[in-house]
Amino acid sequence: MFLRAVVLDGVDFHLPGASMRRLLSRLPVVLSLAMLGAIAGHLVANASMGEDEKTGLFSVFDGALGGGEYEFSDLKLLERTRYFVEDKYVEPARLEPEEMLKGALSFVEREIPEVLFQREDSSRLLHISAGAKTTTLELDEMDSLDAVGDALRRVAFFLDQHLDESVPRPEVEYAFINGMLSSLDPHTVLLPPEISKEMEVENQGAFGGLGITITIDKGDGWLTVEYPLQDTPAYRVGLKARDKILRIEDESTLNMDLQEAVSKLRGPVGDPVTITVDRESFDEPREFTIVRDKIRINPVSGELLEGGVGYIRIKGFHATTARDLETQLSSFKRANNGSIRGLVLDLRANPGGYLHQAIEVSDRFLNDGVIVVTVEEGRREEKRARSGNTEADYPIVVLINANSASASEIVAGALKNNQRAVIVGDRSFGKGSVQNLYPNGDDSRLKLTVAKYLTPGDRSIQSMGITPDIRLVPSIVDDGRYRKKVDEVEPLPAVSMYWTDRLSREEDLDEALQGLERQIDQASYEVRYLRVLDDPDKPRSDSLDLDNDWEVQFSRDLILSVPASRRAEMLRTAAEVTTRHNLLEEKRLVRAFGGVGLDWTDGEQPGVVNLQVEMELGTDGVLKAAEAKDETLKVSATNLGDAPVYRVLAVTKSDQTWLDGQEYFFGKIEPGETRSWTQKVRRVDGYTDAVASVEFELRDAQGRAMGSFDKFVRLVGQEFPKFSFSFEVLDGGVDGTSGDGDGIPEDGEEVLLRTRVRNVGAGESEEGFAKLKNRSGRRIDLKVGTVDLGDIPVAGETEFDFQFTLVPGSIEPTVDFSIGENTRYDYTAVVRGGFYSFATQSVSLELGGDSLLDGRVHAPPTLEISRRPELVVSNPRAVISGLVRDDSAVRDVLVFQGEEKVFYQGGGDGVGSVPFSVEAELVEGENTFVVLARDDEGLTDIHSINVLFDPTGERLARLNSNAGEDGPGAVQEDSSRKTLPGRLFQEDSSEAE
């Protein structure tokens with residue numbers, strides 16, 4: 001059985017190293033383990049077991065490894081981590097004690113709301129607050145990692161004395177460690193036990209299970225089959241894509257975590273498991289008893305293409321990859337009279353894996369030469385090809401893309417630089433480092449960067465990647481046929497020619513190791529082709545669909561067209577193939593652009609191009625987050641020259657994700673003609689007030705620059721909904737219930753949990769949801785656990801029912817209730833700020849008693865901001881003040897400026913209001929503040945504040961000039977900010993006092 005990480009609300013969780021470490025350290029409170037496992041698995045590459053696992057080194061750190069009672073203040077796991085870092089880390093110069101201490105303190109104070117550290121720029125004095133307790137420590141000079149360890153043990157001792165017992169101490173130590181590692185590189189990280197175990201399964205390449213990929217249906221919360229793998233137990237009993245798994249061994253799967261479902265479906269080979277499945281064609285759900293078998297993870301798959309060309313896909317380098325490759329090659333030869341014409345080796349989206357497997361795969365195709373050079377602590381070790389068991393000398397094409405990393409780059413580099421294969425696709429990820437895995441006794445693992453590798457010729461790919469010999473550039477020109485209407489509005493065309501340029505690579509990650517100072521190689525050829533989008537409603541499958549894979553078919557054509565097998569000779573004869581495909585794809589692109597109303601014919605560009613460009617933001621001159629579904633940005637280009645210009649487009653650059661990387665197409669523009677293109681603005685619902693700079697770079701289809709212009713865009717943020725809620729138990733025959741009617745769930749009763757929800761926020765709810773999650777296994781048979789709330793206006797109410805049966809048992813029946821909005825939440829604070837747990841409101845409910853009968857209304861705290869800086873200011877000092885209120889008790893209020901916690905104030909029993917005030921120094925450009933509040937139930941409120949510090953006043957002037965000084969969207973100096981939310985003005989002298 002396979003996992004699939006379900007992405008929350010379209011958020012991309014391929015994170016920079018420090019961000020991933022922060023997410024890992026918050027495992028219990030952030031996201032499902034399945035998602036985190038996918039993140040860690042993607043980053044794990046070249047993992048080879050360190051020698052120290054075999055030397056008995058564990059005995060030095062027994063207390064940290066599960067061998068005795070855990071003592072947080074000893075920080076033995078941190079001490080073990082420090083030992084390996086000092087002894088094995090690839091670049092000792094990066095071990096900066098001061099930065100490592102800062103990282104450790106920052107991670108802990110971010111993950112534990114009650115903790116605040118204050119220290120002036122490497123001062124010896126560290127002020128610590130843990131709830132209501134404070135102290136000051138005088139630190140030694142941070143001149144070694146010993147000093148860091150000593151300081152953190154003193155901090156841990158204080159925290160252990162004064163933190164609430166509900167704060168798990170091991171998780172605090174994980175945060176210390178991952179914070180300490182955050183200044184090193186993005187691949188050095190401590191993996192918590194759950195992720196470590198899942199990663200080990202991935203690397204071994206097999207487990208006992210059913211052979212299905214599963215996900216959680218966002219609409220109804222049921223565990224859903226994405227597709228069964230061929231020739232597995234699930235496939236053989238007839239499971240199909242989109243089947244709903246309602247029960248596993250009589251336990252409801254409604255809103256079950258993916259990892260929990262995985263643990264129940266996996267098991268020893270030969271053991272049966274019974275699941276209850278519903279399908280659209282079934283009259284009623286059916287039971288399937290399936291005997292678990294050995295399931296291969298990311299097996300090496302292949303197919304013999306027309307013309308006797310073999311195709312092999314390697315998704316990852318696990319423990320048996322080289323052996324599986326040999327098996328696949330042998331099957332091709334048996335099917336093709338003992339030989340093959342050539343081979344397409346597909347390493348696209350292969351994130352890496354075991355280093356020794358990459359070496360063995362490379363060796364299969366080489367009889368001599370260097371495969372890889374590992375450089376570690378000044379030592380250099382070459383791995384060379386062996387002459388035995390080498391494949392025949394046929395043409396090879398290696399397919400790569402921007403997500404081909406690490407071990408896959410070793411293979412591509414070895415075959416390219418030994419002149420054994422032509423590399424086709426896109427520049428690879430650029431990870432040129434090696435990690436060892438050091439397991440701990442608590443089942444966590446330290447993944448530590450211990451070496452760098454070089455491809456043959458001592459060529460580093462670190463932060464540069466492998467450049468293809470033939471670059472394939474996919475273009476999307478889609479008329480929207482597969483996309484749904486929104487409020488009866490036809491979707492705009494989806495057109496992009498440069499989307500692959502914006503894919504993240506190693507050099508984009510925080511603290512990435514530096515590569516050699518050299519230019520990235522250029523491809524010998526380039527082919528731009530039309531990529532056809534799949535129907536999103538088409539069921540997924542693990543079967544290969546190579547007939548519709550343009551890149552595979554191009555590679556096959558290349559192999560059949562070349563008379564030789566050596567790379568240089570293949571490239572000399574590749575011109576004819578690339579020219580032919582470019583001509584064919586040119587015609588397809590012109591036809592596709594015609595289908596969206598654009599003339600994309602080519603012609604000779606004039607020597608001088610004179611284009612006038614205008615940007616339109618509707619009649620009001622601003623973007624409004626509250627109208628996100630309808631917000632578009634229209635750009636028009638007028639040809640002021642005396643000759644036509646051809647294939648004109650504009651690409652945007654902006655620090656704001658909702659404006660960055662958009663493409664506007666104008667095509668051929670005759671003299672005096674104006675052409676326009678309208679683009680849907682990318683996801684601005686959920687944003688608060690902001691000002692963004694956007695540059696429009698004009699170019700033609702060959703990438704030649706045709707000028708640029710820049711604008712400032714004002715986003716008017718929206719108000720967000722908040723929900724209060726109360727519960728009533730129905731168990732006396734009403735609406736299909738059964739029981740004694742006393743309003744207390746009891747064994748054997750069919751119960752409705754009637755829930756009343758009120759929108760107490762300042763904004764409307766459009767996609768609200770509520771869920772119940774079972775925490776008591778078979779004790780609760782949950783039947784209705786996910787509800788779509790529909791539209792709820794401000795002060796509006798709705799009522800709905802959850803349904804369950806209480807099954808006799810000894811476990812206390814408990815559920816978690818959660819409620820939230822899919823789109824209308826503070827995106828800047830929750831996603832960009834990383835405060836994921838603040839996206840929903842959650843409470844735990846014990847169903848076995850009478851606590852639900854009190855009729856209590858659960859309401860989140862109210863966060864009132866009475867003073868805040870304006871959107872654009874020229875004074876570097878900013879003040880944020882306000883008040884948090886709650887109908888019961890305020891637990892605390894926190895303020896973050898970027899990554900740094902700058903304020904904490906606790907409340908307590910009976911404290912119904914807590915004031916706060918922060919004065920902060922701004923950095924030039926964008927500044928983001930996040931204010932968070934919690935009450936005694938753990939319910940929350942959150943708000944982000946964006947400030948653009950413009951010391952010269954030029955940006956404000958340009959913003960006004962964009963709209964016209966008195967036109968729509970114009971901004972005047974004004975002191976009425978508090979009564980006109982979202983109004984922008986220059987901060988006056990009184991505000992700066």
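Keep in mind that what you see is a predicted model, and the values were worked out from it rather than measured.

## Notes on the overall build of the protein chain
Piece 1. Helices and strands together make up the secondary structure of the protein chain, namely 17 helices and 49 strands.
Piece 2. Buried positions account for 56% of the 993 residues belonging to the protein chain.
Piece 3. A separation threshold of at least 6 residues defines the contact pool for the protein chain, and within that pool the share at least 24 residues apart is 72%.
Piece 4. Summed over its atoms, the accessible surface of the protein chain is roughly 40,700 Å², and 45% of this surface lies on carbon and sulfur atoms.

## Things to note about the sheet that holds strand β46 (residues 900-906)
Piece 1. Across the sheet, which stays open at both edges, the five strands sit in the order β43-β49-β48-β45-β46 with mixed pairing between neighbours. Here the strands that pair on one side only, and so sit at the sheet edges, are β43 (872-873) and β46.
Piece 2. Alignment of β43 against strand β49 (residues 940-949), held across two bridges, turns out to be parallel. Note that in β49 the partner of valine 872 across the bridge is leucine 948.

## Considering a negative patch on the surface
Piece 1. On the surface, Glu303, Glu306, Asp534, Asp545 and Asp547 cluster together into a patch of negative charge.
Piece 2. Take aspartate 545: it is sitting in the loop between β25 (525-530) and α13 (550-561).

## Quick word on the pairing of strand β44 (residues 877-885)
Piece 1. Counted residue by residue, β44 has seven buried out of nine residues, so it is predominantly covered.
Piece 2. Pairing analysis gives five bridges linking strand β42 (residues 862-867) to β44, with the strands arranged antiparallel. Bridge pairing in β44 places arginine 867 opposite serine 881.
Piece 3. In the sheet, β44 pairs with strand β47 (residues 913-921) via nine bridges, with the strands oriented antiparallel. Looking at the pairing, valine 884 lines up with valine 914 of β47.

## Quick word on the nonpolar core
Piece 1. Leu159, Phe176, Phe365 and Val398 are the most contacted members of the largest nonpolar core, which has 87 residues in total.
Piece 2. No other element matches the nine residues that helix α5 (residues 145-162) contributes to this core.
Piece 3. When near neighbours in sequence (up to four residues on either side) are disregarded, phenylalanine 176 contacts Phe72, Leu75, Leu78, Ala104, Leu105, Val108, Leu152, Val155, Ala156 and Leu159.
Piece 4. Of all hydrophobic cores here, the second largest spans 50 residues; its members include Ala628, Ile669, Ala701 and Ala839.

## Considerations on the sheet that holds strand β28 (residues 632-639)
Piece 1. Pairing is antiparallel across the open sheet formed by three strands, whose spatial order is β26-β28-β31. Single-partner strands in this sheet number two, and they are β26 (611-616) and β31 (674-680). The average undirected angle you get between the axes of adjacent strands in this sheet is 20°.
Piece 2. Note: β26 against β28, six bridges, orientation antiparallel. Opposite leucine 611, over in β28, you have asparagine 639 as the bridge partner.

## Some words on the environment of isoleucine 466
Piece 1. The topology assignment puts isoleucine 466 in the loop between β22 (445-454) and β23 (470-478).
Piece 2. Along the sequence, isoleucine 466 and isoleucine 410 sit 56 residues apart, while their C-alpha atoms lie 9.0 Å from each other.
Piece 3. Those residues in contact with isoleucine 466, other than ones at most four positions away along the chain, are Ile400, Glu409, Ala412, Gly413, Lys416, Ile423, Asp426, Arg427, Ser428, Thr455 and Ile461.

## Notes on unusual backbone geometry
Piece 1. Unusually for a residue other than glycine, aspartate 443 sits at a positive phi of about 75°.
Piece 2. Mapped onto the elements, aspartate 443 comes out in the loop between β21 (433-439) and β22.
Piece 3. Judged by its relative accessible area of 39%, aspartate 443 falls in the partly exposed class.
Piece 4. The residue aspartate 458 is not glycine, and still its phi comes out positive at about 55°.
Piece 5. By relative accessible area, which is 35% here, aspartate 458 ends up partly exposed.

## A closer look at the packing of aromatic side chains
Piece 1. Enumeration according to the criterion identifies 21 aromatic pairs in this entry.
Piece 2. Ring geometry for phenylalanine 84 versus tyrosine 438: centroids 4.2 Å apart, planes at 20°, classification stacked. Taken together, the residues phenylalanine 84 in helix α3 (residues 76-88) and tyrosine 438 in strand β21 connect sequence positions 354 residues apart.
Piece 3. Taking relative accessible area as the criterion, phenylalanine 84 reaches 1% and is therefore assigned buried.
Piece 4. Summarising the aromatic geometry, the rings of phenylalanine 593 and phenylalanine 665 are spaced 5.7 Å apart at their centres and angled 50° between planes, so their arrangement reads as tilted. With phenylalanine 593 in helix α15 (residues 574-595) and phenylalanine 665 in strand β30 (residues 663-669), the pair connects residues that are 72 residues apart, well separated along the chain. When sorted by exposure, phenylalanine 593 lands in the same class as phenylalanine 665, which is buried.

## As for the pattern of salt bridges
Piece 1. Enumeration over the complete set of coordinates arrives at 73 salt bridges.
Piece 2. The salt bridge involving aspartate 469 is made with arginine 567; its shortest N-O contact spans 2.6 Å. Placement of aspartate 469 in the loop between β22 and β23 and of arginine 567 in helix α14 (residues 567-572) is noted, with a sequence separation of 98 residues between them. Each member of the pair, aspartate 469 together with arginine 567, is buried.
Piece 3. For aspartate 747, the salt bridge goes to arginine 779, with nearest N and O atoms at 2.7 Å. Highlighted residues: aspartate 747 in the loop between β34 (723-730) and β35 (750-759) and arginine 779 in the loop between β36 (765-774) and β37 (780-784), separated in sequence by 32 residues.
Piece 4. You can call aspartate 747 partly exposed: its relative accessible area is 42%.
Piece 5. Judged by its relative accessible area of 11%, arginine 779 falls in the buried class.

## As for helix α6 (residues 169-181)
Piece 1. With 13 residues, α6 ought to run about 18 Å at 1.5 Å a step, and its terminal C-alpha atoms sit 19 Å apart, in line with that.
Piece 2. Burial within α6 is extensive, with 11 of its 13 residues counted as buried.
Piece 3. Those residues of α6 not exposed but buried are Arg169, Val172, Glu173, Tyr174, Ala175, Phe176, Ile177, Asn178, Gly179, Met180 and Leu181.

## Let's talk about the environment of proline 745
Piece 1. Inspection of the secondary structure assignment puts proline 745 in the loop between β34 and β35.
Piece 2. Residue class for proline 745 comes out buried when judged on its relative accessible area of 3%.
Piece 3. Separated by 15 residues in sequence, proline 745 and leucine 730 place their C-alpha atoms 8.4 Å apart.

## Quick word on helix α10 (residues 321-335)
Piece 1. Under the 1.5 Å per step criterion, the end-to-end length of α10 is 21 Å for 15 residues, consistent within 8% with the ideal 21 Å.
Piece 2. Where α10 is concerned, the buried positions are Thr321, Ala322, Asp324, Leu325, Gln328, Leu329 and Phe332. Looking straight down α10, one finds that the buried residues subtend no more than 160° of arc, so they occupy a single side. Facing away from the buried surface of α10 by more than 90 degrees, the exposed residues are Arg323, Thr327 and Arg334.
Piece 3. Tucked inside the fold, the buried residues of α10 contact β13 (293-296), β14 (301-305), β15 (309-313), β16 (342-346) and α11 (355-363).

## Description of the packing of α11 against helix α12 (residues 407-417)
Piece 1. As a packed pair, α11 and α12 sit with axes 9 Å apart at the nearest point and diverge in direction by 25°. Considering their axes alone, α11 and α12 lie roughly parallel with respect to each other. When the axes of α11 and α12 are compared, the crossing they make is right-handed. Touching Leu355, Ala358, Val361 and Ser362 of α11 are Ala407, Ile410, Val411, Ala414 and Leu415, all from α12.
Piece 2. Among the residues forming the contact of α11 with α12, the class breakdown is eight nonpolar, one polar and no charged.

## Quick word on the pairing of strand β9 (residues 244-248)
Piece 1. In terms of burial, β9 is a largely internal element, four of the five residues being buried.
Piece 2. Pairing of strand β8 (residues 223-228) with β9 involves two bridges; the strand directions are antiparallel. Note that in β9 the partner of threonine 224 across the bridge is lysine 244.
Piece 3. Looking at chain direction, β9 and strand β11 (residues 272-278) are connected through four bridges and run antiparallel. Paired with arginine 247 across the strands is threonine 276, a residue of β11.
Piece 4. As defined by bridge partners, β9 adjoins strand β10 (residues 251-252) across two bridges and the pair is classed as antiparallel. Within β10, the residue paired with arginine 247 across the bridge is serine 252.

## A word on the confidence of the model for the protein chain
Piece 1. For the protein chain, mean pLDDT is 86; residues scoring 70 or higher make up 87% of the total.
Piece 2. Below a pLDDT of 50 lies the segment residues 1-20, which in the model reaches 72 contacts outside its immediate sequence neighbourhood of four places, other chains included.
Piece 3. Here residues 963-993 is modelled with pLDDT under 50, and outside its nearest four sequence neighbours on either side it reaches 72 contacts, counting other chains as well.

Analysis parameters
- Residues numbered from 1 in each chain as written.
- Predicted model: local features only at pLDDT ≥ 70, side-chain atom pairs only at ≥ 80, totals over all residues.
- Heavy atoms only, no water.
- Helix = DSSP H or I, 4+ residues; strand = E, 2+ residues; numbered from the N terminus.
- Buried < 20%, exposed > 50% of the residue type's maximum accessible area, 1.4 Å probe, protein only.
- Contact = heavy atoms within 4.5 Å.
- Areas by Shrake-Rupley, 256 points an atom, 1.4 Å probe, with all protein chains shown as cover.
- Pairing = 2+ DSSP bridges.
- Patch = residues over 30% accessible without salt bridge, like charges linked within 9 Å, V, L, I, M, F, W, Y side chains within 5 Å.
- Salt bridge = Lys/Arg side-chain N within 4 Å of Asp/Glu carboxyl O.
- Lys, Arg positive; Asp, Glu negative; His and termini not counted.
- Charge placed at Lys NZ, Arg CZ, Asp CG, Glu CD.
- Core = buried A, V, L, I, M, F, W, Y, C linked by side-chain atoms within 4.5 Å.
- Axes fitted to C-alpha atoms, helices over the stretch in contact; angles between N-to-C directions.
- Phe/Tyr/Trp six-rings, centres within 6.5 Å; stacked < 30°, edge-to-face > 60°.
- Expected span 1.5 Å × (residues − 1).
- Arc of directions from axis to C-beta.
- Parallel < 35°, antiparallel > 145°, perpendicular 65-115°, else oblique.
- Left-handed = near helix turned anticlockwise from the far one by under 90°.
- Nonpolar A, V, L, I, M, F, W, Y, C, P; charged D, E, K, R; others polar.
- pLDDT = per-residue confidence, 0-100.

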